[in-house]
Amino acid sequence: MGVTTPDNIMQLGLGFWASKVMLSAVELGVFTELAAGAADLPDLQARLKLHPRSARDFLDALVALKLLEREDGRYRNATDTDLFLDKAKPSYIGGILEMANARLYGFWGSLTEALHTGEPQNEAKRNEDFFAALYAEPARLRGFLEAMSGISAGAAQAIAAKFDWSKYTTFADVGAAQGMVPVVIARAHPHLQALGFDLPAVQPIFDEFVARHGLADRIRFQSGNFFDSPMPNTDVIVMGHILHDWDLAEKRILLEKAFAALPNGGALIVYDAVIDDERRSNAFGLLMSLNMLIETRGGFDYTGADCQTWMRDAGFVSTRVEPLLGPDSMVIGFKPH
């Protein structure tokens with residue numbers, strides 16, 4: 001007969017300890033420092049400007065959390081942190097963690113208030129518009145777009161592999177950010193021409209990223225606001241980590257606009273941390289929906305069944321859900337011939 005213990009409760013209740021240790025390590029550049037090679041405690045303490053009281057416990061906590069390894073008193077990155085948390089590597093995903101550390105960590109402290117009021121708990125509480133300020137500052141915008149690239153790279157690779165692109169010649173990524181999705185898909189399918197659709201301030205960062213990957217001849221930028229402007233007329237429209245930002249009426253508007261822009265036989269691919277239909281297993285998707293509560297006026301994440309219903313209401317047929325990587329799935333719909 002099994003013994004009931006409070007282990008899971010305690011792990012969850014104090015889970016912010018481990019989270020903040022990792023977020024501070026990213027902020028301090030621990031993994032970038034160690035990417036050049038292993039280092040001992042005195043060396044790292046000096047390079048990272050750590051107080052002697054905290055340095056050993058901090059670094060050994062990272063070992064216990066399997067983010068670092070230690071051998072003969074020298075610390076080195078674990079395989080995954082070396083690949084994904086070294087700022088010098090193109091695979092760096094730490095931008096989203098930097099934003100979590102600088103913004104979300106504090107805002108989530110007001111979750112209880114948000115659950116009572118239904119109101120966002122970010123800069124909006126001070127009547128500030130985070131995204132307006134973000135898009136007005138090129139350096140902050142670049143960091144944000146790079147963070148979006150980090151969380152989209154895996155999904156982009158899965159979409160490139162799982163969707164049948166042979167039937168199409170053009171596609172657009174709506175809300176393209178830095179351009180990770182069009183770059184990954186276009187590189188995997190040389191016959192495709194791609195378009196990135198986003199606000200005008202994004203274009204210099206997008207163009208630079210695309211040129212760096214040698215794809216400027218096949219990927220171009222189109223500026224616009226997807227509520228105020230028509231969506232691009234391409235064979236396929238991709239909408240990733242976008243739909244969950246908006247309330248139900250706005251979600252429906254975006255799907256209807258995608259349907260209007262597509263040719264007969266065209267396809268729409270929506271991907272997010274789609275919640276499982278039973279709402280039991282994709283904890284990340286459910287937590288992301290609470291993050292939308294913290295960050296937006298009406299955004300929420302949704303199940304695959306929800307999205308398929310909205311797509312069919314907009315006119316799409318043959319809808320289906322396919323898992324991508326981690327918590328992300330794509331919902332696909334086709335415009336009838």
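Scoring rules and cut-offs
- Residues numbered from 1 in each chain as written.
- Predicted model: local features only at pLDDT ≥ 70, side-chain atom pairs only at ≥ 80, totals over all residues.
- Heavy atoms only, no water.
- Helix = DSSP H or I, 4+ residues; strand = E, 2+ residues; numbered from the N terminus.
- Rg over C-alpha atoms; globule rule 2.2 N^0.38 Å.
- Buried < 20%, exposed > 50% of the residue type's maximum accessible area, 1.4 Å probe, protein only.
- Contact = heavy atoms within 4.5 Å.
- Areas by Shrake-Rupley, 256 points an atom, 1.4 Å probe, with all protein chains shown as cover.
- Lys, Arg positive; Asp, Glu negative; His and termini not counted.
- Charge placed at Lys NZ, Arg CZ, Asp CG, Glu CD.
- Pairing = 2+ DSSP bridges.
- Expected span 1.5 Å × (residues − 1).
- Bend = angle between axes of the 7 residues up to and from the residue.
- UniProt positions renumbered as here; feature names shortened; annotations may be inferred.
- Salt bridge = Lys/Arg side-chain N within 4 Å of Asp/Glu carboxyl O.

(A) Geometry of the overall build of the chain. Helix and strand counts for the chain stand at 15 helices and 10 strands. In summary, the chain has a C-alpha radius of gyration of 22 Å against a globular reference of 20 Å for 337 residues, a match within 12%. Taken over the C-alpha atoms alone, the chain extends approximately 65 × 50 × 50 Å along its principal axes. The 337 residues of the chain split such that 47% are buried. For the chain, long-range pairs separated by at least 24 residues make up 67% of all intrachain contacts whose partners lie at least 6 apart in sequence. For the chain, the accessible surface area stands at approximately 16800 Å², while carbon and sulfur atoms represent 56% of it. Computed over 31 positive and 43 negative side-chain charges, the inter-centroid distance for the chain is 2 Å.

(B) Inspection of the sheet that holds strand β3 (residues 74–77) at higher detail. Within the open sheet, the three strands sit side by side as β1-β3-β2. Their pairing is antiparallel. The open sheet has two edge strands, β1 (39–40) and β2 (68–71), and neither has a second partner. By the bridge criterion, four bridges tie β2 to β3 in an arrangement that is antiparallel. Across the sheet, the residue bridging to Glu71 is Arg74, located in β3.

(C) Structural context of helix α7 (residues 94–107). Taking 1.5 Å per residue as the helical rise, α7 with its 14 residues ought to reach 20 Å, and the 19 Å between its terminal C-alpha atoms agrees with that figure. A bend of about 45° at Asn101 is the largest found in α7. Within the sequence span of α7, burial applies to Gly94, Gly95, Leu97, Met99, Ala100, Asn101, Arg103, Leu104 and Phe107. Residues of α7 that are buried in the fold lie against α2 (15–28), α6 (79–84), α8 (111–117), α9 (130–136), α10 (138–162) and α14 (283–295).

(D) Quick look at the UniProt feature "domain: O-methyltransferase C-terminal" (unreviewed entry) in the chain. Those residues carrying the UniProt feature "domain: O-methyltransferase C-terminal" (unreviewed entry) are residues 108–316 in this numbering. From the first C-alpha to the last, residues 108–316 spans 37 Å; its make-up is 46% helix and 13% strand.

(E) How the structure looks around the pattern of salt bridges. Counted by the stated rule, this structure contains 18 salt bridges. One salt bridge connects Arg47 with Glu33, and the closest N-O pair in it is separated by 3.0 Å. With Arg47 in helix α4 (residues 41–48) and Glu33 in helix α3 (residues 30–34), this residue pair connects regions lying 14 residues apart in the sequence. Arg47 gets classed as partly exposed once you look at its relative accessible area, which sits at 31%. With a closest N to O distance of 3.1 Å, Arg76 and Glu71 form a salt bridge. Using a relative accessible area of 33% as the deciding quantity, one classes Arg76 as partly exposed. One continuous salt-bridge network, built from bridges that share partners, spans Glu33, Asp43 and Arg47.

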